[in-house]
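Remarks on the overall topology
Now for the letters of each chain:
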Amino acid sequence: MGFLKKWIRKIWCWHKLRCMDRRWRMQGGASYQLFPPSFYYIHSAEEIKDITEKKLTDLRKQIKEYGGI
């Protein structure tokens, strides 16, 4: 019975995160933030910093390849 409760709680948590992301996208959040809100709930501060740096490095590289900056 404990396994079932944990499983249901996990599914409910993921559902709430998806709803949060959906609301964020509908309100235009995707136009001014790099990641959706659920990303910050799932990852630690160190992981967020590392992933953000990698993502920004990749984006800068793509901009340079296409003749920008």
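Refer to the structure above for everything that follows.
Below is a short write-up of the structure. Source: prediction; values computed, not measured.

Rules used in this analysis
Residues numbered from 1 in each chain as written. Predicted model: local features only at pLDDT ≥ 70, side-chain atom pairs only at ≥ 80, totals over all residues. Heavy atoms only, no water. Patch = residues over 30% accessible without salt bridge, like charges linked within 9 Å, V, L, I, M, F, W, Y side chains within 5 Å. Areas by Shrake-Rupley, 256 points an atom, 1.4 Å probe, with all protein chains shown as cover. Salt bridge = Lys/Arg side-chain N within 4 Å of Asp/Glu carboxyl O. Lys, Arg positive; Asp, Glu negative; His and termini not counted. Charge placed at Lys NZ, Arg CZ, Asp CG, Glu CD. Buried < 20%, exposed > 50% of the residue type's maximum accessible area, 1.4 Å probe, protein only. Phe/Tyr/Trp six-rings, centres within 6.5 Å; stacked < 30°, edge-to-face > 60°. Helix = DSSP H or I, 4+ residues; strand = E, 2+ residues; numbered from the N terminus.

Together, E46, E47, D50 and E53 give the surface a local cluster of negative charge. With a relative accessible area of 44%, E53 lands in the partly exposed category.

In this section: the packing of aromatic side chains. Overall, the coordinates contain two aromatic pairs when judged by the stated rule. Their ring planes at 90 degrees and their centres at 5.5 Å tell us that F39 and Y40 sit as a pair that is edge-to-face. Residue class for F39 comes out buried when judged on its relative accessible area of 11%. Following the ring pairs from residue to residue traces out a cluster consisting of F35, F39 and Y40.

Another aspect to go through is the environment of K16. Positionally, K16 belongs in helix α1 (residues 2–26). Between the C-alpha atoms of K16 and L4, which are 12 residues apart in sequence, the distance is 18 Å.

Keep in mind that these numbers describe shape and distance, not what the molecule does.
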